[in-house]
Each structure stands twice: as C-alpha cells, then as structure tokens.
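So the chains spell out like this:
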Amino acid sequence: MKITSIKTQVKKAAWYSIFVDDKYSFSLSEISLVESKLAVGQEINSSTIGRLKELSGEDKAYNRSLHYLSIRARSEWEMAQYLKRKQVADQAVAKILRRLRRVDLLDDLKFARSWVETRNAIKPRSIVRLRQELRQKHIEESITDKVLADLKVDDGQVIEQIIIQKRRQSKYQDNQKLMQYLARQGFRYNDIKTAVMKD
C-alpha cells in the first residue's frame with residue numbers, strides 16, 4: 001500500500017485528508033501530519049494505517065475538547081466526562097488531558113479561582129455554597145481550601161451585599177422571607193440573623 005495523495009481539507013484548513021492507493025483513508029491535523037512524517041509515495045502497511053486512524057480519532061477528540069473549552073473554562077473532571085460522553089477511549093482521554101495541561105488550557109487551580117470570582121461577581125454566595133459547587137466539579141479539597149482562603153471575603157460581608165440587593169424587591173421587605181432566602185444560599189443562621197438585625 002502507498003500514500004498517493006495528501007490534500008488540505010476545504011472546510012478545515014489545518015486538517016489533511018490522506019489517500020492510500022488513490023482512496024481516502026483517514027485525516028490528520030497539521031501537527032499530527034508533521035509529527036508522523038507522512039509523505040506522498042511512502043509505502044505503508046495496515047498496522048501503521050490502524051495506528052494513524054487511531055491518532056486521527058484522538059485529533060478529532062482534541063479538537064472537540066478545544067471547542068468545549070471555548071464556551072467556558074472546565075475542570076479536569078468535566079473535560080474527562082465530556083470526552084467519555086463522546087465515546088472517546090479512556091487511553092485517548094488521558095492523552096488529551098495531558099496535552100491540554102501541557103498547553104495550560106486545563107488547570108484545576110486556575111479553574112477554581114475563575115469559578116469563584118465569576119460566581120461572586122454575578123451573584124454573591126456563601127463559602128459553603130461555593131465549596132459545594134467546586135465539589136460538584138470534582139475539585140480537590142486542598143485546591144478548594146486554597147482558593148477560598150485567598151478569596152478574603154467573609155460570609156457576613158456577602159450577606160450584607162445580598163441584603164442591599166434583595167431589599168429592593170417588595171417580597172424581601174419581610175425579614176422572615178429574606179432570612180429563608182439567605183439560608184437557602186448556604187449561609188449560617190447566626191451570620192444571617194446578625195446581618196438582618198443590623199440592616
């Protein structure tokens with residue numbers, strides 16, 4: 001068997017279609033094509049084609065992971081779950097996670113910091129709630145502890161901010177309803193009571 005043509009794909013400029021014995025066989029990203037050192041006229045056996053097709057699948061899965069990250073930052077667990085839902089083999093998932101870490105696109109510490117800052121900017125919440133959310137993203141406790149310690153915001157201050165916002169709504173003029181709302185957000189009763197009485 002022989003590679004008879006390598007063509008740039010029309011819809012994906014950084015991707016190449018590889019033809020073996022004048023028939024389309026598989027496609028590779030530009031990086032994988034360079035690394036594999038394929039060339040027109042090169043003899044190739046079926047086991048090499050099998051390996052390259054596997055590499056092609058990894059390339060496509062990596063491309064999907066980049067698109068997934070373009071929507072928002074992800075934790076390692078989220079990315080692994082996404083790839084598994086796309087039926088990417090465990091070995092390929094591990095390779096893709098390593099590759100994303102290498103180019104600094106996957107970092108649970110950075111993710112956790114960004115998550116906490118964004119969540120608090122949009123809608124302030126309790127340390128308990130932030131901890132729960134990070135746990136749902138399977139962030140290690142040591143990372144969560146560090147990020148929340150660096151936050152330098154205590155629940156009392158956050159409650160006061162929320163009270164100011166919520167008092168603009170008529171239903172939260174009632175202290176009982178306001179306290180129930182704050183409790184649902186994960187704040188401690190004593191902190192809630194102190195802040196509401198001070199208001």
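Residues numbered from 1 in each chain as written. Predicted model: local features only at pLDDT ≥ 70, side-chain atom pairs only at ≥ 80, totals over all residues. Heavy atoms only, no water.

A.B. asks: Just to check I follow, could you spell out helix H7 (residues 141–150) for this structure?
C.D. replies: Along an α-helix, residues three or four apart share an orientation, since each turn contains 3.6 residues. Among the residues of H7, Ile143, Thr144, Val147 and Leu148 are the ones counted as buried. The arc that holds every buried residue of H7, seen down its axis, measures 125°, which confines them to one face. For H7, the secondary structure elements touched by its buried residues are helix H5 (108–122) and helix H6 (127–136). (Buried < 20%, exposed > 50% of the residue type's maximum accessible area, 1.4 Å probe, protein only. Helix = DSSP H or I, 4+ residues; strand = E, 2+ residues; numbered from the N terminus. Arc of directions from axis to C-beta. Contact = heavy atoms within 4.5 Å.)

A.B. asks: Whenever I open this one, the nonpolar core confuses me. Can you help?
C.D. replies: Soluble globular proteins: nonpolar side chains tend toward being buried together. Within the largest apolar cluster, 15 residues are counted, with the highest numbers of intra-cluster contacts made by Met79, Leu83, Val88, Ile96 and Leu100. Secondary-structure elements contributing two or more residues to this core are helix H2 (46–71), helix H3 (76–85) and helix H4 (90–102). Here the element with the most residues in this core is H4; it accounts for five residues. Counting residues in each nonpolar core, the second largest holds 13 residues, with Leu178, Leu182, Phe187 and Ile192 among its members. (Core = buried A, V, L, I, M, F, W, Y, C linked by side-chain atoms within 4.5 Å.)

A.B. asks: Can you walk me through the packing of aromatic side chains in this structure?
C.D. replies: Within a pair of aromatic rings, the relevant descriptors are the distance that separates the centres and the angle that separates the planes. Enumeration according to the criterion identifies three aromatic pairs in this entry. The ring of Trp15 carries the charged tip of Lys12 above its face, separated from the ring centre by 4.6 Å. The ring of Tyr62 has Arg99 sitting right over it, with the charged end atom 3.6 Å from the ring centre. (Phe/Tyr/Trp six-rings, centres within 6.5 Å; stacked < 30°, edge-to-face > 60°. Lys NZ or Arg CZ within 6 Å of the ring centre and 35° of its normal.)

A.B. asks: Where do I start with the pairing of strand S2 (residues 15–20) in this structure?
C.D. replies: For a regular strand, the rule is simple: side chains alternate between the two faces of the sheet. Burial analysis of S2 places six of its six residues in the buried class, the great majority of the element. Every second residue of S2 is oriented toward a common face, with Trp15, Ser17 and Phe19 on one face and Tyr16, Ile18 and Val20 on the other, all of them buried. Bridge count between strand S1 (residues 3–8) and S2: five bridges; the pairing is antiparallel. By the bridge assignment, Ser5 is partnered in S2 with Phe19. Count of turn residues in the S1/S2 antiparallel hairpin: six residues. Relative to strand S3 (residues 23–29), S2 is paired through six bridges, and the arrangement is antiparallel. Its bridge partner being in S3, Ile18 is matched across the sheet by Phe26. Connecting the antiparallel pair S2 and S3 is a turn made up of two residues, with Asp21 showing a positive phi of about 50°. (Pairing = 2+ DSSP bridges.)

A.B. asks: Looking at this structure, how should I read the sheet that holds S3?
C.D. replies: Consider a sheet: its strands pair through backbone hydrogen bonds, and that pairing is either parallel or antiparallel. In spatial order, the strands read S1-S2-S3; together these three strands make up an open sheet with antiparallel pairing. If you trace the sheet from one side to the other, it starts and ends with S1 and S3, each paired once. Ignoring which end each strand starts from, the neighbouring axes of this sheet average 25° apart. Its contacts with the sheet place H2 against S2 and S3, and it is angled at close to 50° to S3. (Axes fitted to C-alpha atoms, helices over the stretch in contact; angles between N-to-C directions.)

A.B. asks: Which parts of the structure should I look at to understand the pattern of salt bridges?
C.D. replies: Counted under the stated rule, the structure contains 13 salt bridges. Between Arg125 and Glu133 there is a salt bridge; the shortest N-O distance is 3.0 Å. Across the pair, Glu133 and Arg125 agree in class, each one buried. Across the salt bridge formed by Arg131 and Asp145, the nearest N and O atoms sit 2.8 Å from each other. Of the two residues, Arg131 sits in helix H6 while Asp145 sits in helix H7, which places them 14 residues apart along the sequence. When its relative accessible area of 23% is taken as the criterion, Arg131 is described as partly exposed. One network of salt bridges, with partners in common, ties together Arg131, Arg135, Glu141 and Asp145. (Salt bridge = Lys/Arg side-chain N within 4 Å of Asp/Glu carboxyl O.)

Without other data, these values stay purely geometric and don't point to any function.
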